[in-house]
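Descriptive analysis of the structure
Next come the chains, spelled out residue by residue.
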Amino acid sequence: GAVVSQHPSWVICKSGTSVKIECRSLDFQATTMFWYRQFPKQSLMLMATSNEGSKATYEQGVEKDKFLINHASLTLSTLTVTSAHPEDSSFYICSADPMGQGASDTQYFGPGTRLTVL
Amino acid sequence: GDSVTQMEGPVTLSEEAFLTINCTYTATGYPSLFWYVQYPGEGLQLLLKATKADDKGSNKGFEATYRKETTSFHLEKGSVQVSDSAVYFCALSINTDKLIFGTGTRLQVFP
């Protein structure tokens with residue numbers, strides 16, 4: 001149980017295009033999902049907290065208009081990288097917090113999506 | 001600000017060797033501490049945790065003790081197996097869902 005999937009697992013796109021990454025909780029509902037970004041040999045950095053039915057909360061320094069987050073249902077959150085540039089190339093990881101848990105250690109993580117922008 | 005520092009990898013060991021992966025932290029409050037493991041092709045999974053000083057988290061033969069005096073949470077296992085090969089992340093959280101991660105340490109265990 002408690003599986004989180006991400007799609008796609010790997011994507012290459014041209015500079016200037018937009019890319020959408022999906023995060024799904026497969027066997028549970030999640031009011032809160034989190035989006036992280038990881039550069040090579042660096043920590044996972046929290047980008048934003050996504051709450052079902054409301055606007056996402058972005059961390060300081062993360063461009064809201066560039067990284068669009070939509071949490072339209074209790075099992076799906078999407079991250080759209082708009083007008084992607086090579087510096088957006090990274091590993092994007094989502095996690096989901098089951099309803100009503102509210103504790104850090106109940107986050108379930110997806111396997112990640114590697115984005116390469118040419 | 002709050003941060004986590006862990007040793008760079010890869011850590012390469014033979015099966016049945018003793019494992020230590022160092023983790024130290026900086027925090028303004030009283031954090032909970034975690035170790036997550038990521039097996040190839042899978043998402044991060046919680047391995048163990050400790051919520052207050054001197055607590056010891058343990059799971060699957062792994063242990064880590066919350067040392068407030070040295071601000072450390074080193075991961076240990078007495079006898080590693082090939083199946084333990086993965087990337088290990090140390091992390092902290094203060095009061096909220098927000099997790100602050102270290103850079104991860106890749107462990108490679110050879111038969």
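About the cut-offs
Residues numbered from 1 in each chain as written. Chains lettered and ligands numbered in written order. Predicted model: local features only at pLDDT ≥ 70, side-chain atom pairs only at ≥ 80, totals over all residues. Heavy atoms only, no water. Helix = DSSP H or I, 4+ residues; strand = E, 2+ residues; numbered from the N terminus. Rg over C-alpha atoms; globule rule 2.2 N^0.38 Å. Buried < 20%, exposed > 50% of the residue type's maximum accessible area, 1.4 Å probe, protein only. Contact = heavy atoms within 4.5 Å. Areas by Shrake-Rupley, 256 points an atom, 1.4 Å probe, with all protein chains shown as cover. Pairing = 2+ DSSP bridges. Axes fitted to C-alpha atoms, helices over the stretch in contact; angles between N-to-C directions. Core = buried A, V, L, I, M, F, W, Y, C linked by side-chain atoms within 4.5 Å. 1 Å grid on protein atoms, 1.4 Å probe; cavity = no way out; pocket = protein on both sides within 12 Å on 5 of 7 lines; lining within 4 Å. Points joined across faces, edges and corners; volume = space filled by probe spheres on them. Nonpolar A, V, L, I, M, F, W, Y, C, P; charged D, E, K, R; others polar. Polar contact = N/O pair within 3.5 Å; in protein donor to acceptor, adjacent residues only side chain to side chain. Buried area = accessible area lost by both parts, 1.4 Å probe. Salt bridge = Lys/Arg side-chain N within 4 Å of Asp/Glu carboxyl O.

This part is about the overall build of chain A. What chain A contains, in helices and strands, is zero helices and eleven strands. The order of helices and strands in chain A, counted from the N terminus, is β-β-β-β-β-β-β-β-β-β-β. A compact globule built from 118 residues should have a C-alpha radius of gyration of about 13 Å, and chain A, at 13 Å, falls within 12% of that. With the C-alpha coordinates aligned to their principal axes, the bounding extent of chain A is approximately 40 × 25 × 25 Å. In chain A, which comprises 118 residues, the share counted as buried stands at 50%. The contacts in chain A between residues at least 6 apart in sequence include a share of 56% that link residues at least 24 apart. Total accessible area on chain A stands at roughly 5,700 Å², and carbon and sulfur atoms take up 52% of it.

Each helix and strand in chain B was counted, giving zero helices and twelve strands. Reading the helices (α) and strands (β) of chain B from amino to carboxyl end gives β-β-β-β-β-β-β-β-β-β-β-β. Against the globule reference of 13 Å for 111 residues, chain B gives a C-alpha radius of gyration of 13 Å, in line with a compact fold. Out of the 111 residues in chain B, the part that is buried amounts to 44%. Restricting to contacts in chain B with at least 6 residues of sequence separation, those with at least 24 account for 55%. Just so you have it, chain B exposes about 5,400 Å², and 48% of that area is on carbon and sulfur atoms.

So, about the sheet that holds strand S8 (residues 62-65) of chain B. All names here are of chain B. The strand order across the open sheet formed by four strands is S3-S9-S8-S7, and the pairing between neighbours is antiparallel. In the strand order of this sheet, the two ends are held by strand S3 (19-21) and strand S7 (56-59), each with one partner. Shown here is a sheet whose adjacent strand axes are inclined to one another by a mean of 15 degrees, direction ignored. Where S8 lies against strand S9 (residues 75-77), three bridges are found, and the strand directions are antiparallel.

Here the focus is the nonpolar core. With 26 residues, the main nonpolar core has Leu19, Trp35, Leu47, Leu48, Phe73, Leu75 and Tyr88 of chain B as its most contacted residues. Where this core is concerned, the elements lending two or more residues are strand S2 (11-14), S3, strand S4 (23-26), strand S5 (32-38), strand S6 (45-50), S8, strand S10 (86-93) and strand S12 (105-110) of chain B. When near neighbours in sequence (up to four residues on either side) are disregarded, leucine 75 of chain B contacts Leu19, Thr20, Ile21, Trp35, Leu47, Leu48, Phe62, Glu63, Ala64 and Tyr88 of chain B. Counting residues in hydrophobic clusters, the runner-up holds 24 residues, among them Cys13, Met33, Tyr58 and Val117 of chain A.

Quick look at the layout of surface pockets now. Considered as a void within the structure, the largest pocket measures approximately 620 Å³ in volume. Considering the residues around the largest pocket, the lining is formed by 22 residues, among which Gln38 and Lys41 of chain A together with Val87, Thr103 and Arg106 of chain B are closest to the centre. Within the residue set of the lining of the largest pocket, elements represented by two or more residues are S10 and S12 of chain B. Its residues assigned to classes, the lining of the largest pocket comprises ten nonpolar, seven polar and five charged.

Residues and elements named next belong to chain A. Note that glutamine 107 resides in the loop between strand S9 (90-98) and strand S10 (108-109). Residue classification places glutamine 107 among the buried positions, given a relative accessible area of 3%. Polar side-chain contacts of glutamine 107 include one of 2.7 Å to the side chain of serine 95.

Contact with chain A, which involves 19 residues of that partner, is made by 18 residues of chain B. Together chain A and chain B conceal approximately 1,400 Å² of surface at their shared face, both sides included; 53% is due to carbon and sulfur atoms. Here chain A is connected to chain B by one salt bridge. Counting across the interface, chain A meets chain B through two residue pairs in polar contact (both at pLDDT 80 or more). When residues of the side of chain A that touches chain B are traced back to their parent elements, those giving at least two are strand S4 (30-38), strand S5 (44-51) and S9 of chain A.

Moving on, we come to the sheet that holds strand S3 (residues 19-25) of chain A. The strands that make up a sheet are held in pairs by hydrogen bonds between backbone atoms, and each pair lies either parallel or antiparallel. Residues and elements named next belong to chain A. Read from one edge of the open sheet, four strands run S1-S3-S8-S7, paired in antiparallel fashion. Each edge of the open sheet carries a strand with a single partner, namely strand S1 (4-7) and strand S7 (67-73). For this sheet, the mean inter-axis angle between neighbouring strands, taken without regard to orientation, is 15 degrees. Of the pairings in the sheet, the one linking S1 to S3 comprises four bridges and is antiparallel in character. Paired with valine 4 across the two strands is serine 25, which belongs to S3.

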